[in-house]
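# Breakdown of the fold
The chain contents come next:
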Amino acid sequence: MAKYTRQPARAMWYDRRDEVFVEFCVEDSKDVQVKFESSKLNFSCSIDNAKHQNEIDLFQAIDPSASKHKRTDRSVKCCLRKVEVGKPWVRLSKDKMKINWLGVDFNNWKNWEDDSDEEFSNYDRFSEMMNSMGGEDDMPDMDPVDEEDSADSDDEKIPDLE
């Protein structure tokens, strides 16, 4: 039987108007278990000879039935549905003390509190538009510019030097 070392998984979080997102940074995880409670999040998984286990007493209440998670090859992402929509979370944990395995995901952080509803809906529409757009491979082929056909004012022939 394999001997496991227990340790918390490194995690990042960010706040949105309706949800709070937590990403556990665990590559190639197995036996993933996520349990949502109204005031608590429990996460566990195994990787090779390590067992990761995290328990967080949440800053505010969530709706466990509307919260969900998704496992990818690189991480496990959790979406916690807020009970009090529109109320910002200043931290993820109920406790004020620093949690060494938890950090803020500044790449996804957005100060949505100052946004009006109109600006927020514009942001959502822009995000949807960007997601529906194709990638680099979907760009149409462009014909190369023929230098003889291109007439710029600074492309006049320079006289020969004597």
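Structure shown above.
## Let's talk about the packing of aromatic side chains
Scanning the model with the defined rule gives four aromatic pairs in all. Taken together, a centroid distance of 4.0 Å and an interplanar angle of 5° make the contact between Phe24 and Phe43 stacked. Taken together, the residues Phe24 in strand β3 (residues 19-24) and Phe43 in strand β5 (residues 40-47) connect sequence positions 19 residues apart. Look at Phe24 and you get buried, because its relative accessible area is 0%.

## A short note on the nonpolar core
When a protein is soluble and globular, its nonpolar side chains tend to lie buried together. One finds Val22, Phe24, Leu41, Leu80 and Leu92 to be the most contacted residues of the largest nonpolar core, which totals 24 residues. For this core, the secondary-structure elements that each account for two or more residues are β2 (11-15), β3, β4 (30-37), β5 and β8 (76-81). In terms of residue count, β5 provides more of this core than any other element does, four residues in total. Once residues lying within four places of it in the same chain are set aside, the contact partners of Phe24 are Ala9, Arg10, Ala11, Leu41, Phe43, Asn54, Ile56, Ser75, Val76, Cys78 and Trp101.

## Some details on the sheet that holds strand β9 (residues 102-104)
Reading across from one edge, β7-β8-β3-β2-β9 is the order of the five strands in this open sheet, with mixed pairing throughout. At either end of the open sheet lies a strand with only one pairing partner, and these are β7 (68-71) and β9. In this sheet, adjacent strand axes meet at a mean angle of 20° when their direction is disregarded. Strand direction decides the pairing type here: β2 and β9, joined by three bridges, are parallel. Looking at β9, one finds that Met12 is bridged to Gly103.

## Digging into the environment of Lys68
For Lys68, the location among the structural elements is in strand β7. With 47 residues separating them in the primary sequence, Lys68 and Phe21 have C-alpha atoms 9.9 Å apart. Once you skip the residues sitting within four places of it in the chain, Lys68 turns out to touch Phe36, Lys77, Cys78 and Cys79.

## Describing the side chain of Ser67
By the secondary structure assignment, Ser67 is in the loop between β6 (50-57) and β7. In this structure Ser67 comes out as buried when scored by relative accessible area, which is 9%. Polar contacts involving the side chain of Ser67 include one to the main-chain carbonyl oxygen of Asp63, which spans 2.9 Å. Beyond its immediate sequence surroundings of up to four residues, Ser67 is in contact with Phe36, Ile62, Cys79, Leu80 and Arg81.

Rules behind the numbers
Residues numbered from 1 in each chain as written. Predicted model: local features only at pLDDT ≥ 70, side-chain atom pairs only at ≥ 80, totals over all residues. Heavy atoms only, no water. Phe/Tyr/Trp six-rings, centres within 6.5 Å; stacked < 30°, edge-to-face > 60°. Helix = DSSP H or I, 4+ residues; strand = E, 2+ residues; numbered from the N terminus. Buried < 20%, exposed > 50% of the residue type's maximum accessible area, 1.4 Å probe, protein only. Core = buried A, V, L, I, M, F, W, Y, C linked by side-chain atoms within 4.5 Å. Contact = heavy atoms within 4.5 Å. Pairing = 2+ DSSP bridges. Axes fitted to C-alpha atoms, helices over the stretch in contact; angles between N-to-C directions. Polar contact = N/O pair within 3.5 Å; in protein donor to acceptor, adjacent residues only side chain to side chain.

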